[in-house]
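# Structural description and commentary
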Amino acid sequence: MSLHDAPSHPDDDEPAEDPTARPARPTVSSALAPLAISGVIVLDRPRDPDTDPDTDTDAEEAAEAQLSALLGQHTSPLALPAKGSPPPAGNAYDLAALLRTVQAPERALAATAGWLSSERRSSPATQRNYIRDLSWWLWWIQARGLHIGDVPTMETDLYAAAMRDAGLSANTRRARISAAKSWYTYLRRADLATTNPFDGMEPPRRDASTTRFVSGEQLDDMLVHAVLHESTRVQAILAVLIGTACRISSLLTVEVGHLTYQGRLRVVNLPVKGNRTHPVDVRPFIGEILDAYLTERGTAPGPLFRSRNGRPLQRTYVRELIQRIAKATGIADHGKLSIHGIRHSVATALLEAGEELSAVQALLGHASPDTTQIYAHPKSLNLSPTQRIDQRLATAVERRTRHPTRHNPHGTTPAHPRRSPADRDGSTGLLR
């Protein structure tokens, strides 16, 4: 793709086109109009005497004056637009207009086109995400009156603080910082920037995953139910989701021709972003379920999973299928279980069973082990010492209720004596 063809000076007075026609390319002013500057960043916010405690001491005033002198021009009142505002650029034309707004040379537009066309960003959906994320940094540069090739390092931290102040999640902030950092790396290769202001920056910590997941035993129950009560297509869908831990995009785009062999191993080459495939071996049990389905479907080319009229399946169908089976197997909050929740559950179950992080990372196709580590968070709860604390407290209370006069000088007996761990589950407490 190229950004050279983007219009430099579109006509702001051009009459509106017919709604059914192709929309006009956004102008610079229309791209920036919703992004009015308002508020101030955290470092610059004045004290509110009605809400803040009275800490107006001479020492603190002197410290604030010293801090302001240190920060200098970097503390001008500026905040990002409210959370949920549309991005300054949503496509290549918007991005070209925004680059020209910050007085980027034509070579920078060409370099940006090359950056977006590189292997990692070759997917149109990935390109859109990078365009949107980068556009926020370009908006910041424009609002701060900076030049793209010579940005002070402090600006990146002020930008991060403004994102925090706008209430953006850690994952959103990481994505925007990562896009800008990657872009600068490319600009340096093209000799269009002397430094990368994001180098050495501390990235925000990832948000803890809130995805609804199920245990390994519950995954087993779901597949058992499918084998006993569902069609061969439903069995195969669930078997592939669980057996390969694939994404829904891979499930919907995998074709019959993606099933092959590498030596003795049967392999499914799952389509992933970047026009690549991710090979995952198919072991005998999953293979038997797939073969039973293929016997009914046939081996004609096309999507592996398709509807009765031959069309590719929809996400909504797969999501409803998962939730229906989860409900049938008695899983709580089955309506909150997503398609990604199955992938999450497989990864978590493997990590809890002691599988090496690197092996799970390879299965999921993650570029970084940090991404895989997100799925390991429940393990720390299962290994938590709270189980020992709970049993110790239960044992202590049980002893005192069995011998009330020994531990109670008044000789009274509790109204509701509690049962010991042994009474509850047939085992003795760990700390007894």
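Residues numbered from 1 in each chain as written. Predicted model: local features only at pLDDT ≥ 70, side-chain atom pairs only at ≥ 80, totals over all residues. Heavy atoms only, no water.

### A word on the overall build of the protein
Helix and strand counts for the protein come out as 19 helices and three strands. Look at the contacts in the protein between residues 6 or more apart in sequence, and 63% of them connect residues 24 or more apart. When the accessible surface of the protein is summed, it comes to about 24,700 Å², and 51% of that surface belongs to carbon and sulfur atoms. (Helix = DSSP H or I, 4+ residues; strand = E, 2+ residues; numbered from the N terminus. Contact = heavy atoms within 4.5 Å. Areas by Shrake-Rupley, 256 points an atom, 1.4 Å probe, with all protein chains shown as cover.)

### Remarks on the pairing of strand 2 (residues 265–272)
With seven of its eight residues buried, strand 2 lies for the most part within the structure. Across four bridges, strand 1 (residues 259–262) lies against strand 2 in antiparallel orientation. By the bridge assignment for strand 2, L259 is matched with V268. In the sheet, strand 2 pairs with strand 3 (residues 276–281) via six bridges, with the strands oriented antiparallel. Bridging across to strand 3, L270 finds its partner in H278. Adjacent in sequence and paired antiparallel, strand 2 and strand 3 are bridged by three residues, among which G274 carries a positive phi angle near 85°. (Buried < 20%, exposed > 50% of the residue type's maximum accessible area, 1.4 Å probe, protein only. Pairing = 2+ DSSP bridges.)

### Comments concerning the packing of aromatic side chains
According to the stated counting rule, one finds eight aromatic pairs in the structure shown. Centroid distance W137 to F198: 4.9 Å. Interplanar angle 70°. Geometry classified as edge-to-face. With W137 in helix 5 (residues 124–144) and F198 in the loop between helix 7 (170–189) and helix 8 (216–229), this residue pair connects regions lying 61 residues apart in the sequence. A relative accessible area of 0% means that W137 is categorised as buried. Aromatic side chains W140 and Y159 sit 5.7 Å apart centroid to centroid with 55° between the ring planes, which places their arrangement in the tilted category. Taken together, the positions of W140 in helix 5 and Y159 in helix 6 (residues 153–165) put the pair 19 residues apart, joining distant regions of the chain. (Phe/Tyr/Trp six-rings, centres within 6.5 Å; stacked < 30°, edge-to-face > 60°.)

### Section: the sheet that holds strand 3
Taken in spatial order, the three strands of this open sheet run 1-2-3, and their pairing is antiparallel. Unpaired on one side and paired on the other, strand 1 and strand 3 mark the two borders of the sheet. Going from strand to strand, the sheet's axes swing by 40° on average, the running direction of each strand aside. (Axes fitted to C-alpha atoms, helices over the stretch in contact; angles between N-to-C directions.)

### Quick word on helix 12 (residues 315–328)
Each turn of an α-helix holds 3.6 residues, which means side chains three or four residues apart point in the same direction. Given a rise of 1.5 Å per residue, 14 residues ought to cover 20 Å, and the 20 Å separating the end C-alpha atoms of helix 12 matches this to within 8%. Within helix 12 the residues assigned to the buried category are V318, L321, I322, Q323, I325 and A326. Residue G330 follows helix 12 closely and has a positive phi angle near 80°. (Expected span 1.5 Å × (residues − 1).)

### Overview of the pattern of salt bridges
Enumeration over the complete set of coordinates arrives at six salt bridges. Measuring nitrogen to oxygen at the nearest pair gives 3.9 Å for the salt bridge that ties R188 to D199. Of this pair, R188 sits in helix 7 while D199 is found in the loop between helix 7 and helix 8, placing the two residues eleven residues apart along the sequence. Residue classification places D199 among the partly exposed positions, given a relative accessible area of 42%. Here E230 makes a salt bridge to R324, at a shortest N to O gap of 2.6 Å. (Salt bridge = Lys/Arg side-chain N within 4 Å of Asp/Glu carboxyl O.)

### Description of the side chain of Q323
Within the secondary structure layout, Q323 lies in helix 12. Sequence-distant contacts of Q323, defined by excluding residues within four places in its chain, comprise H334, G335 and L337.

### Concerning helix 13 (residues 339–352)
Between the first and last C-alpha of helix 13 there are 20 Å, a value that for 14 residues agrees with the 20 Å anticipated at 1.5 Å per step. The buried fraction of helix 13 amounts to ten of the 14 residues, a majority that puts the element mostly inside the structure. Of all the positions in helix 13, only I339, G341, I342, R343, H344, S345, V346, A347, T348 and L351 are classed as buried. With its phi angle positive at about 95°, G354 sits one or two positions after the end of helix 13.

### Description of a nonpolar patch on the surface
Together, V224, V227, L228 and F285 make up an exposed nonpolar region whose accessible area comes to about 380 Å². No other element matches the three residues that helix 8 contributes to the nonpolar patch. Note that L228 resides in helix 8. Judged by relative accessible area, L228 falls into the exposed class, the value being 62%. (Patch = residues over 30% accessible without salt bridge, like charges linked within 9 Å, V, L, I, M, F, W, Y side chains within 5 Å.)

### Some remarks on a negative patch on the surface
Taken together, the side chains of E217, D220, D221 and E352 present a region of like negative charge at the surface. Ranked by the residues each element gives to the negative patch, the list is headed by helix 8, at three residues. Relative to the assigned elements, E217 resides in helix 8. Relative accessible area serves as the criterion here: at 55%, E217 is assigned to the exposed category. (Lys, Arg positive; Asp, Glu negative; His and termini not counted. Charge placed at Lys NZ, Arg CZ, Asp CG, Glu CD.)

### Regarding the confidence of the model for the protein
Mean pLDDT over the protein works out to 75, with 70% of the residues at or above the 70 mark. This model gives residues 70–77 a pLDDT under 50, and the stretch forms 16 contacts once residues within four places in sequence are excluded. Confidence drops under a pLDDT of 50 for residues 412–432, and excluding neighbours within four residues, the segment shows 33 contacts in the predicted structure. (pLDDT = per-residue confidence, 0-100.)

### So, unusual backbone geometry
Its identity as a non-glycine residue notwithstanding, D191 has a phi of 60°, on the positive side. Relative to the elements of secondary structure, D191 occurs in the loop between helix 7 and helix 8. The phi angle at D333 is positive, at roughly 55°, despite the residue not being glycine. Mapped onto the elements of the fold, D333 is located in the loop between helix 12 and helix 13.

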